[in-house]
Amino acid sequence: MLARVSRSLLAGTLLGAALALPLVAASGAHAAGPVVTVEPDRAATQTVSGTVVPYREVTLTAQSSGRVVDVAGAEGDRFEQGTVLVAVSDDRLRAQRQAAEAEMRTAEAAIREAQMQYGREMISPQSRNIGQMPGMGVPSMFDQMFTQPMGQFMGMGDPALDRRTDLYSRYIGVDQAQARWEQARAQVAELDAAIRDTRSEAPFDGLVMNKHVEEGDTVQPGQPLVSFGHVEFLRVEAQVPVRLVSGLQEDDYVQVRLDTGDKVEARVARIFPLADPQRHTVTVKFDLPEGVRGGPGMHAAVYLPQAEASGNRVVVPRSALIPGGALPRVAVLDGEGHVRVRMVRLGGSRGDQVVVTSGLEPGMQILARPAAGVRSGQPTGGSPPQSGSDRRDGDADPWSRM
C-alpha cells in the first residue's frame, strides 16, 4: 500500500513537472527576441496631378503680316535644327529693301560731293575768290584792298572768322551726308532682319506638335504658326501645394504613375521660386526616364513625400504584430523591462512594414517577433509573473490544478 502511494506521488510529481516546463519555456520565448524602436511615418505620401510635357517646347509666331507660302510636314514629323518650318511671303519687304538701297546710294553720292566741296574750301577759300563778283572782279578787289582792311581796322569785320565759318559749313555738309547714308544702311539691315523673320526655323532637333496655320492663310504679327518640341526626353509638370514643396529638393527622386500604367522614378529637375498667388501652388518639373512610354499631354500622378510626419502615424515591421487575435496587437516594453500588449489601428502596408495610425508613439520599444501567447506583465526573456495582480487565469500555477 505504501509502495502504491509512493508510486502515485512520484507519478504526479513527474506529470506536474512535465506540464510546468513547457509553459515556463514558452513564456520565456514569448517575451524574448529582437527589440525595435517605433519610427515616425516619414514616408507618408500625397498624390498630386501633373501633365507630361516635352523637355523643350516653343511656339513659333509670325513676325510680320503676309500670306503663308509653305508649311513643312505635319504633326509628328521630325526635323533637324535650322529647317524652315513655315514661310511667309516677303515680296513687300524686298521692295522696301530695294528702295532703301537706292537711298543708300544717293547718300553715298552726297558724301562724295560734300567731301569735294570741303576740299576745295581748304585749298581755295570762297571768301578770297575775286571771280565770284561781277565787273571783272573790280568790286571784289576794291572790297578786299580797301573796304575789308578799313572795316577790320575799325573793328567791323574779321576775315579769319569768316574763313573758319566757311570751313565749318562745308564740314557740316559732309557730316550730314554721312548721317543720311548710315540711316539708309540701318534701314536695309532692318529689312534684312524682317525678311529673315518670314522664315520660321526649327530652333533644335524635334518634332511638330501642332500646326496652327496652313498654306495660303494670311497671318498677322504675333499669330501662332506651329508648336515645336523636343520629345526625346519627357518631363512631368505639376502644381505642388506649398506645404509639400519644403520636402522636395532638386535631384530628389519621387514615384510617378503614368496613364499607360507604368510606375517610374522621376527626378526633381526644377522648383520654381515663386508661388501662384491665386492657387497657392508652386510649379515643379520632374524628369522622366529615357524611353518611357507615352507622350506630351498625358496625365501623371506624382507621389510626393509629406514634409513632416502626419500626426502620430508610425511604421513598424509586419513581424511585430502578435499572431492571432481578432484585433492587431503589438508587444511594447515598459520602463521596468516588462511586456505590455497594446491594441493598435493599422493604416496600410508598405512592403514589409505596416503603418500604425493610433496606439503607438515614436520612440517606443517593441518586440520585433513576438509569439502568439505573449501576455502583458511578462519580463523580457523571463518566466511569467507569479504575483497576484499580474497573474492571469491562464497563468495559474500548474501545481494548483493537481
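Residues numbered from 1 in each chain as written. Predicted model: local features only at pLDDT ≥ 70, side-chain atom pairs only at ≥ 80, totals over all residues. Heavy atoms only, no water.

Another point: the environment of Val71. By the secondary structure assignment, Val71 is in strand β4 (residues 66-71). Look at Val71 and you get buried, because its relative accessible area is 14%. (Helix = DSSP H or I, 4+ residues; strand = E, 2+ residues; numbered from the N terminus. Buried < 20%, exposed > 50% of the residue type's maximum accessible area, 1.4 Å probe, protein only.)

As judged from the 5 bridges shared by strand β11 (residues 253-258) and strand β12 (residues 263-275), these two strands associate in the antiparallel manner. Residue pairing for β12: Val256 is matched across the bridge by Val264. Linking β11 to β12, which pair antiparallel, is a turn of 4 residues; within it Gly261 sits at a positive phi near 95°. Where β12 lies against strand β13 (residues 281-287), 5 bridges are found, and the strand directions are antiparallel. Bridging across to β13, Ala275 finds its partner in Val282. Connecting β12 to the antiparallel partner β13 that follows it, the hairpin turn spans 5 residues, and His280 within it adopts a positive phi of roughly 60°. (Pairing = 2+ DSSP bridges.)

Moving on: the side chain of Ser227. Structurally, Ser227 is set in strand β10 (residues 224-241). A polar contact is formed between the side chain of Ser227 and the side chain of His212, at a distance of 3.0 Å. Sequence-distant contacts of Ser227, that is, excluding residues within four places in its chain, are made with Val58, Thr59, Leu207, Val208, Met209, Asn210 and His212. (Polar contact = N/O pair within 3.5 Å; in protein donor to acceptor, adjacent residues only side chain to side chain. Contact = heavy atoms within 4.5 Å.)

With respect to topology, 4 strands assemble into an open sheet ordered β1-β20-β16-β17, the strand pairing being antiparallel. Strands at the two margins of the open sheet, each flanked by one partner only, are β1 (35-37) and β17 (339-343). Averaged over all adjacent pairs, the angle separating strand axes in this sheet is 40°, with direction ignored. (Axes fitted to C-alpha atoms, helices over the stretch in contact; angles between N-to-C directions.)

Our focus in this paragraph is the side chain of Ser64. Relative to the helices and strands, Ser64 is located in the loop between β3 (45-61) and β4. Exposure remark for Ser64: the relative accessible area of 12% places this residue in the buried category. Ser64 has contacts with Val88, Leu93, Thr198, Val219, Gln220 and Pro221, leaving out every residue within four places of it along the chain.

Further remarks concern the pattern of salt bridges. Across all of its chains, the model carries 12 salt bridges by this definition. In this structure, Arg235 engages Asp287 in a salt bridge whose closest nitrogen and oxygen atoms are separated by 2.6 Å. With Arg235 in strand β10 and Asp287 in strand β13, this residue pair connects regions lying 52 residues apart in the sequence. Arg235 sits in the buried class, given a relative accessible area of 14%. The salt bridge partner of Asp334 is Arg340, with a shortest N-O separation of 3.1 Å. By relative accessible area, Arg340 is classed as partly exposed at 34%. (Salt bridge = Lys/Arg side-chain N within 4 Å of Asp/Glu carboxyl O.)

Any functional reading would require information that these geometric values do not contain.
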